[in-house]
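Fold and geometry: a report
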Amino acid sequence: MDSNQHSGVRLWSVPRRTIIAIVLAVFWLPFYEAIVHGQITPIITGILALAIGRGPFIRGFLVGLTAALKSPFAIMIPFVSISFGWRALLGCIVGASFALIHPSLFLEYLNLLANLAERPYGDIGLARWLGLDVCLPLTVVICLIVSIRWRGTENSFMAIIACVVIGTALWFHSYTPLILPVIYFANKTADRFWPVDSKR
Amino acid sequence: MIRVKPVYCILIGVLLAGFFFSQTINRMIYGNCMFRYVLPRCDYASYVRASNEIIQGETPYYKDTCYIYSPLLAIIIIPLTRLSEIAGFWIWTVISIAAFGYGAFRAGQS
């Protein structure tokens, strides 16, 4: 942020990208719900943000770590691997292996997941309305398309995050990580239709 | 670049800080505000209960804990269980806000 004088009034020049990010983040209501409940989704958002712009292994590692913390993000692993190659897959495996830190409890966790799938969970979201039987295959197909279409680009990573979050969210706070693709694609759209910052 | 008067930035910052402060104080003193749940029922409390079970060598996966995450999360939370519930929740909230803010920043820069 730099400042200058304009018509006798001191002004701050803030990059448009920063303003878009701040405005969207401040009004991102799922984040407030996540904070209220002490949910882990804001931290998941931070971990996924760490992966932005990194090399394939680190990116895969962070996605794997996310999957180890919250199982729906395991859906990202094959598509991040398709998009960013075998190094990303290796990173995903290393990251996800942290879930095995306590093997016997992990087995209990898998049993719990099997039981959870039979119960109607959540209060909002496509998965709740369409049912997991429809929503999961749809998510997989769209993720496959974007991971091939935009292979190796930031677009594919953001689109995969968006698909997985929208396709698996069952609670309002589950949409917190969606802020990453929303800000990213909002900036891309703004750059396209309003190329003010293009000379930077 | 977009030019804005500093006073507007400062005003928005003060309003946001005031909002969070008032909501936090309301929650801590009265137990209600815009927040729907009081602390013992929130997700963070279930993480802490699961951590305590693991510390005692028990399984966190039974009905009373309401814990539906991998054991990794409960193990990561263990240091916070040494603190009081409110202090742990404060630290967890600060970490969450920082993580989300960082996420928004990185997404904005990419």
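It should be noted that the structure appears before, not after, this text.
Residues numbered from 1 in each chain as written. Chains lettered and ligands numbered in written order. Predicted model: local features only at pLDDT ≥ 70, side-chain atom pairs only at ≥ 80, totals over all residues.

Before going further, it helps to examine the nonpolar core. The biggest cluster of nonpolar side chains holds 73 residues, and the ones touching the most others in it are Met76(A), Val80(A), Ile160(A), Ile161(A), Ile179(A), Leu180(A) and Ile183(A). Broken down by element, this core gets its largest block of residues, nine residues, from helix H10 (residues 154-168) of chain A. Not counting residues within four places of it along the chain, the set of residues in contact with Ile183(A) comprises Ile20(A), Ala21(A), Leu24(A), Ala104(B), Ala107(B) and Gly108(B). (Core = buried A, V, L, I, M, F, W, Y, C linked by C-beta atoms within 7 Å. Buried ≥ 20, exposed ≤ 12 C-beta atoms within 10 Å, placed from the backbone. Helix = DSSP H or I, 4+ residues; strand = E, 2+ residues; numbered from the N terminus. Contact = placed C-beta atoms within 7 Å.)

All names here are of chain A. Looking at the element boundaries, Gly 60 is found in helix H4 (residues 56-69). The class for Gly 60 is buried, based on 29 C-beta atoms found within 10 Å. Taking the C-alpha atoms as reference, Gly 60 lies 30 Å from Leu 130; in sequence the two are 70 residues apart. Contacts of Gly 60, omitting those with residues within four sequence positions, involve Val 80, Ser 81, Phe 84, Arg 87, Ala 88, Leu 89, Leu 90, Gly 91, Cys 92 and Gly 95.

Residue and element names in this part refer to chain A. The contact between helix H5 (residues 76-84) and H10 brings their axes to 10 Å, and the two run at 165 degrees. It follows from the interaxial angle that H5 and H10 lie roughly antiparallel. In this structure, H5 meets H10 at a crossing whose hand is right-handed. Together, Met 76, Phe 79, Val 80 and Ser 83 of H5 and Ser 156, Phe 157, Ile 160 and Val 164 of H10 make up the contact between the two elements. The class makeup of the residues in the contact of H5 with H10 is six nonpolar, two polar and no charged. (Axes fitted to C-alpha atoms, helices over the stretch in contact; angles between N-to-C directions. Parallel < 35°, antiparallel > 145°, perpendicular 65-115°, else oblique. Left-handed = near helix turned anticlockwise from the far one by under 90°. Nonpolar A, V, L, I, M, F, W, Y, C, P; charged D, E, K, R; others polar.)

Here we come to H4(A). Under the 1.5 Å per step criterion, the end-to-end length of H4(A) is 20 Å for 14 residues, consistent within 8% with the ideal 20 Å. Most of H4(A) is tucked away, with twelve of its 14 residues classed as buried. Looking at the packing, one finds that the buried side of H4(A) touches helix H3 (41-50), H5 and helix H6 (86-96) of chain A together with helix H3 (71-81) of chain B. (Expected span 1.5 Å × (residues − 1).)

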